[in-house]
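What the coordinates show
Here is how the chains run, residue by residue.
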Protein chains: 2
Amino acid sequence: MAGQENKNKTDGLDDRKLRILHAVIRNYLETGEPVGSRTISKYTDLNLSSATIRNEMSDLEEMGYIVQPHTSAGRIPTDKAYRLYVDTMMEEKEREISDLKGLLSEAEEKMDLMLKKVARVLAVNTNYATVVTAPAIHGNKLKFIQLSRVDDAQLLATIVVEGNVIRNSMIPVDEVINEETLLKLNILLNSHLNGMSLDEINLGMITLLKEQAGIHAGIVGDILDAVAQAIRGDEDLEVYTSGATNILKYPELADNQKAGELINTFEEKKALAKIAEESLDDGSTGGIQVYIGEEAPIDSMKDCSVVTATYELGDGMRGSIAIVGPKRMDYDKVVGTLKTMKDELENTYKKKGGGGKKKGSAGKKE
Amino acid sequence: MAGQENKNKTDGLDDRKLRILHAVIRNYLETGEPVGSRTISKYTDLNLSSATIRNEMSDLEEMGYIVQPHTSAGRIPTDKAYRLYVDTMMEEKEREISDLKGLLSEAEEKMDLMLKKVARVLAVNTNYATVVTAPAIHGNKLKFIQLSRVDDAQLLATIVVEGNVIRNSMIPVDEVINEETLLKLNILLNSHLNGMSLDEINLGMITLLKEQAGIHAGIVGDILDAVAQAIRGDEDLEVYTSGATNILKYPELADNQKAGELINTFEEKKALAKIAEESLDDGSTGGIQVYIGEEAPIDSMKDCSVVTATYELGDGMRGSIAIVGPKRMDYDKVVGTLKTMKDELENTYKKKGGGGKKKGSAGKKE
DNA sequence: GATTAGCACTCTAAAGAAATGAGTGCTAAC
DNA sequence: GTTAGCACTCATTTCTTTAGAGTGCTAATC
């Protein structure tokens with residue numbers, strides 16, 4: 001199957017062309033400069049003269065794998081070439097490059113701190129910009145509700161969802177609620193709702209609850225809204241970023257004012273959630289996905305490449321780690337690094353419930 | 001008094017020099033280009049020839065108010081000149097420039113959203129970078145604690161502080177806590193701690209509580225730690241930023257890689273808390289403070305000017321709004337804008353308790 | 001004494017001009 | 001099919017020139 005797929009992709013590329021193309025790509029990844037025929041002539045062990053290479057490169061250009069920025073310049077790879085490169089690379093190597101094993105010197109107790117740390121470590125280590133989204137809860141269940149009295153005018157609803165996601169919500173009330181009523185409401189809500197998923201809390205259930213709440217139906221309504229939000233949890237999908245300014249390190253990105261827009265995207269954070277959504281769908285390539293240029297999920301990243309990894313903590317909790325850099329990114333290293341991080345995160349938090357434990361950071365690995 | 005202070009500051013500056021200096025500053029603020037004698041000769045209504053202006057400017061340079069970037073260039077103001085300018089400006093005008101009155105089209109219900117909005121509106125409107133810190137609670141009191149059982153291994157402590165700041169904390173437990181014990185602990189904690197400030201929860205109190213908790217002393221200890229954090233609230237002083245990339249719009253800041261560092265400061269956010277601390281101390285100038293160049297509270301802003309406003313919501317809750325831009329900032333507009341925002345915020349949230357109300361955004365003003 | 005006109009001088013920024021060199025495409029020979 | 005050779009292109013660098021803005025100084029004027 002891999003063979004056939006290969007044939008499809010490398011359509012018309014004989015082995016020599018392929019080797020030359022790879023040489024061009026690798027060289028360009030390193031230097032960032034257009035690659036000339038003479039360079040390839042020496043760089044490969046094909047023992048071909050530059051003239052021959054020139055002929056081949058001319059073919060490659062016609063096929064859309066490389067272009068010249070201008071006449072009389074070397075060639076640079078197109079998005080098509082990167083795609084080919086990445087695909088074959090991903091197929092060939094399943095080897096884990098964990099040169100940054102143990103880079104997260106110690107696991108953080110709190111998940112948000114941990115994710116922040118992941119983002120920062122990745123950014124510092126790769127010199128690209130990073131985005132980490134906290135695990136979103138998909139189809140999760142309500143654990144319990146705690147209703148407390150804050151003052152005469154408002155109640156506090158503390159909602160805990162499976163996976164120990166906690167959400168507080170202020171519920172305004174018109175009349176004073178006494179302790180007894182509060183207790184009743186607490187029992188009412190918990191006895192009916194505990195263990196429920198969003199789907200299961202249907203109109204019938206809601207009507208039943210409101211009926212039983214009597215004159216406090218309004219309050220119950222407010223609480224249910226808060227519950228819905230807590231379970232869905234989409235509103236405040238936490239996003240952590242780091243190293244946005246790394247973008248300025250790559251001339252091809254730093255120049256124009258597009259760099260500003262891009263960094264702005266990182267500052268706003270809001271749009272970045274799209275990266276998570278996009279990459280969550282797929283589970284094929286070991287949770288790693290590569291978007292090159294136009295494929296990028298966000299407009300301001302059209303000149304970049306985006307590599308995402310989805311980590312999976314069980315209980316349907318999935319988050320994503322993404323790296324954003326120039327198209328001439330060190331895909332090899334980035335993919336390896338992401339895999340390592342993904343493993344690290346999964347090992348640390350999987351099935352231990354959101355909060356995490358103090359000890360035992362990287363148990364399973366190796 | 002103002003006169004004397006003026007005399008101190010404008011030491012050796014006669015009226016004409018002062019007017020010329022002001023003209024240089026204003027012109028430079030507008031254009032960003034060094035200002036020549038001929039320009040001033042026309043720009044002011046002094047009716048002096050360029051030659052005379054040159055003589056005066058030569059004096060001003062000697063006095064340290066202006067410098068030439070190089071021989072045969074016009075003059076640009078020094079930090080000293082900006083300081084003078086800002087000080088006299090602040091003295092002279094108490095008039096509120098509210099050209100962005102009602103810019104916050106509608107008040108947000110939730111404070112964090114509101115502050116985010118303030119940051120964004122300011123950034124878009126001024127074209128500078130903005131920092132808004134949420135009100136920190138100083139010397140605040142505990143409202144109540146709600147202890148709930150999450151599962152066999154952990155409890156959830158929900159801590160509400162005056163001003164309705166809510167904090168959740170997971171408390172790991174070794175043995176299973178039954179409902180009755182939980183109720184007892186709840187009562188124990190609330191009966192002793194409600195209404196207490198951090199100072200009042202002293203060692204005696206702590207010992208007393210632990211004694212009464214018996215075998216659950218450990219749990220009480222953990223809870224008290226969480227309470228301390230909640231009241232202090234310093235750990236996660238919320239910081240909202242916007243328009244960091246505006247910095248790239250000003251050539252004098254965008255050029256070097258210092259711009260990267262600066263934007264990075266905004267991304268990290270952590271260091272920005274220092275702005276709040278710094279500016280909170282002072283209440284003299286109507287809550288507005290201007291830091292020019294070297295005076296800036298953060299290292300990476302040494303080439304910028306920082307204008308901060310402290311807003312005061314009563315109950316000791318104070319936060320800050322800051323604007324970071326080039327030294328040739330439109331101080332006039334910025335100060336006016338900040339004052340307006342400060343008022344807007346105070347009117348919206350003052351004494352209504354953190355949550356805010358839906359209606360009545362800009363009541364008092366004008 | 002203060003102000004101004006005039007002029008020589010300085011230095012930057014912009015515009016041209018020339019040199020450099022990397023790289024290509026093509027052709028003819030191997 | 002491969003290669004050597006050569007003419008040609010074009011970005012980049014360097015040097016030169018030019019233009020212009022602005023100063024500082026001096027001598028004349030008010």
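If you're wondering where the values come from, they're calculated on a predicted model, not measured in any experiment.

What follows deals with the overall build of chain A. Regarding its fold elements, chain A presents 13 helices and 10 strands. Taking all 366 residues of chain A together, 51% fall into the buried category. A fraction of 61% describes how many contacts in chain A between residues 6 or more apart in sequence connect residues 24 or more apart. Carbon together with sulfur atoms contributes 47% to the accessible area of chain A, which is approximately 17,400 Å² in total.

This part is about the sheet that holds strand β4 (residues 142-151) of chain A. Picture the strands of a sheet paired through backbone hydrogen bonds; they go either parallel or antiparallel. Residue and element names in this part refer to chain A. One open sheet holds the 3 strands; their spatial order is β4-β5-β6, and the pairing between them is antiparallel. Since the sheet does not close on itself, it has two edges, and those belong to β4 and β6 (165-172), each with one partner. When the angles between neighbouring strand axes are averaged without regard to direction, this sheet yields 20°. Pairing between strand β5 (residues 154-161) and β6: 8 bridges, direction antiparallel.

A separate point is the pattern of salt bridges. A side chain of one charge can pair with a side chain of the opposite charge if their charged atoms are brought near each other. For the structure shown, the criterion picks out 33 salt bridges over all chains. For arginine 83 of chain A, the salt bridge identified is with aspartate 87 of chain A, shortest N-O distance 3.0 Å. Taken together, the residues arginine 83 of chain A and aspartate 87 of chain A, both in helix α5 (residues 79-92) and 4 residues apart, mark about one turn of the helix. Two residues, glutamate 252 of chain B and arginine 328 of chain B, come together in a salt bridge whose shortest N-O distance is 2.7 Å. Of this pair, glutamate 252 of chain B sits in helix α10 (residues 251-254) while arginine 328 of chain B is found in the loop between β10 (317-326) and α13 (331-349), placing the two residues 76 residues apart along the sequence. For arginine 328 of chain B, a relative accessible area of 14% puts it in the buried group.

Our focus in this paragraph is the protein's contact with DNA strand C. The immediate surroundings of DNA strand C are formed by 20 residues, with Ser37 of chain A together with Arg16, Ser49, Thr52 and Ser72 of chain B found nearest. For DNA strand C, the fraction of atoms within 4 Å of the protein that belong to sugar or phosphate moieties is 78%. Serine 49 of chain B is positioned with one of its backbone polar atoms (N or O) 3.0 Å from a phosphate oxygen of DNA strand C. Serine 72 of chain B places a side-chain nitrogen or oxygen 2.9 Å from a base oxygen of DNA strand C. Of all elements in the fold, only α4 (50-62) of chain A together with α4 (50-62) of chain B reach the threshold of two or more residues within the surface near DNA strand C. In terms of residues, the surface near DNA strand C owes the most to one element, α4 of chain B, which gives 4 residues. Residue classes in the surface near DNA strand C are distributed as 4 nonpolar, 12 polar and 4 charged.

Assignment of secondary structure puts asparagine 164 of chain B in the loop between β5 (154-161) and β6 (165-172). Accessibility expressed as a relative area gives 16% for asparagine 164 of chain B, which makes it buried. C-alpha separation for the pair asparagine 164 of chain B and glycine 336 of chain B, spaced 172 residues apart in sequence, amounts to 31 Å. Setting aside anything within four residues of it in sequence, one finds asparagine 164 of chain B in contact with Val150, Gln154 and Met170 of chain A together with Lys143 of chain B.

This part covers the relation of the copies chain B and chain A. Rotating chain B by 180° and moving it 0.1 Å along the rotation axis overlays it on chain A with an RMSD of 0.1 Å. Taken together, these values place the two copies in the relation of a two-fold axis. By C-alpha distance to the rotation axis, the residue of chain B lying nearest is glutamate 267 of chain B, at 3.4 Å. In this assembly the copies share their binding face: 100% of the residues contributing to the interface of chain B also contribute to that of chain A.

Residues three or four positions apart in an α-helix share a direction because the helix packs 3.6 residues into each turn. All names here are of chain A. The terminal C-alpha atoms of helix α7 (residues 179-193) lie 21 Å apart, and with 15 residues this matches the ideal 21 Å at 1.5 Å per residue to within 8%. Along α7, the residues that are buried comprise Thr181, Leu182, Leu185, Asn186, Leu188, Leu189, Asn190 and Leu193. Against the buried residues of α7 lie β4, β5, α8 (203-213) and α9 (217-232). Once α7 ends, the next one or two residues include glycine 195, with phi positive near 80°.

Right, let's get into empty space enclosed by the protein. Within this structure, the stated rule accounts for 3 cavities of 30 Å³ or more. Counted as a void, the largest cavity has a volume near 90 Å³. The wall of the largest cavity is formed by Thr241, Ala244, Ile263, Phe266, Glu267 and Lys269 of chain A together with Ala244, Ile263, Phe266, Glu267 and Lys269 of chain B. Of all the secondary-structure elements, those providing two or more residues to the lining of the largest cavity are α11 (258-268) of chain A together with α11 (258-268) of chain B. Along the lines of polarity and charge, the residues of the lining of the largest cavity split into 6 nonpolar, 1 polar and 4 charged.

Mapped onto the elements of the fold, asparagine 27 of chain A is located in helix α2 (residues 15-31). Not counting chain neighbours up to four residues away, the residues in contact with asparagine 27 of chain A comprise Gly32, Val35, Thr39 and Tyr43 of chain A.

Below, the discussion takes up the interface of chain B and chain A. Chain B puts 28 residues into the contact, and the matching count from chain A is 28 residues. Taken together, both faces of the contact between chain B and chain A bury some 2,200 Å²; the carbon and sulfur share is 54%. Considering only the side of chain B, the residues that lose the most area to chain A are Phe144, Thr245 and Glu267 of chain B, jointly responsible for 21% of the buried surface there. At the junction of chain B with chain A, the criterion picks out 2 salt bridges. The partner of lysine 143 of chain A in a salt bridge is aspartate 151 of chain B, and the shortest N-O contact between them spans 3.6 Å.

How each quantity is defined
Residues numbered from 1 in each chain as written. Chains lettered and ligands numbered in written order. Predicted model: local features only at pLDDT ≥ 70, side-chain atom pairs only at ≥ 80, totals over all residues. Heavy atoms only, no water. Helix = DSSP H or I, 4+ residues; strand = E, 2+ residues; numbered from the N terminus. Buried < 20%, exposed > 50% of the residue type's maximum accessible area, 1.4 Å probe, protein only. Contact = heavy atoms within 4.5 Å. Areas by Shrake-Rupley, 256 points an atom, 1.4 Å probe, with all protein chains shown as cover. Pairing = 2+ DSSP bridges. Axes fitted to C-alpha atoms, helices over the stretch in contact; angles between N-to-C directions. Salt bridge = Lys/Arg side-chain N within 4 Å of Asp/Glu carboxyl O. Near = heavy atom within 4 Å. Polar contact = N/O pair within 3.5 Å; in protein donor to acceptor, adjacent residues only side chain to side chain. Nonpolar A, V, L, I, M, F, W, Y, C, P; charged D, E, K, R; others polar. Least-squares fit on C-alpha atoms with pLDDT ≥ 70 in both. Expected span 1.5 Å × (residues − 1). 1 Å grid on protein atoms, 1.4 Å probe; cavity = no way out; pocket = protein on both sides within 12 Å on 5 of 7 lines; lining within 4 Å. Points joined across faces, edges and corners; volume = space filled by probe spheres on them. Buried area = accessible area lost by both parts, 1.4 Å probe.

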